[in-house]
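# Working through the structure, step by step
Listed below are the residues making up each chain.
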Amino acid sequence: MYKVKTMNAIAQQGLDVLNEAGLAVGPELDAPEGLLIRSAALHNMEFNPELLCIGRAGIGVDNIPIDRCSEAGIAVFSTPGANANAVKE
């Protein structure tokens, strides 16, 4: 079972999808394989060796040390346009 640590408040609807897929998700997980963030600044964070990916709920990745992640083989992705409906409303 993969562990995904949330670093910010994430909508429960999205967390439910991850839980249904068999992932352990929450803010208190040790040695996660994934991080799910919104605005958390990760530049000074030490990454555990098990970390495989960082997902940014939103556009842009300026709060993530891309060079360091690339060197460590950590995939980084964002969700541009995911909140477009909320913004236009």
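Residues numbered from 1 in each chain as written. Predicted model: local features only at pLDDT ≥ 70, side-chain atom pairs only at ≥ 80, totals over all residues. Heavy atoms only, no water.

Helix and strand counts for the protein come out as three helices and five strands. Starting at the N terminus, the α and β elements of the protein follow one another as β-α-β-β-β-α-β-α. Its C-alpha radius of gyration of 13 Å places the protein within 12% of the 12 Å reference for a compact globule of 89 residues. Taken over the C-alpha atoms alone, the protein extends approximately 40 × 30 × 15 Å along its principal axes. By residue count, 29% of the 89 residues in the protein fall in the buried class. For the protein, the proportion of contacts with a sequence separation of at least 24, taken over those separated by at least 6, is 32%. Of the charged side chains in the protein, 6 are positive and 11 negative; the average position of the first set lies 6 Å away from that of the second. (Helix = DSSP H or I, 4+ residues; strand = E, 2+ residues; numbered from the N terminus. Rg over C-alpha atoms; globule rule 2.2 N^0.38 Å. Buried < 20%, exposed > 50% of the residue type's maximum accessible area, 1.4 Å probe, protein only. Contact = heavy atoms within 4.5 Å. Lys, Arg positive; Asp, Glu negative; His and termini not counted. Charge placed at Lys NZ, Arg CZ, Asp CG, Glu CD.)

By size, the foremost hydrophobic cluster in this structure holds ten residues: Leu 35, Ile 37, Ala 40, Leu 42, Phe 47, Leu 51, Ile 54, Ile 64, Cys 69 and Ile 74. The contact partners of Leu 42, leaving out residues within four places of it in the chain, are Met 7, Leu 35, Ile 37, Phe 47, Ile 54, Asn 63, Ile 64, Pro 65 and Arg 68. One finds Val 4, Leu 15, Leu 23 and Leu 36 within the second-largest nonpolar core, a separate group that totals five residues. (Core = buried A, V, L, I, M, F, W, Y, C linked by side-chain atoms within 4.5 Å.)

Taken as a whole and judged by the stated rule, the model has zero disulfides. Cys 53 takes part in no disulfide bond, and the closest cysteine sulfur, belonging to Cys 69, lies 10 Å away. By relative accessible area, which is 24% here, Cys 53 ends up partly exposed. On the basis of relative accessibility, which here comes to 0%, the residue Cys 69 falls in the buried class. (Disulfide = S-S within 2.5 Å.)

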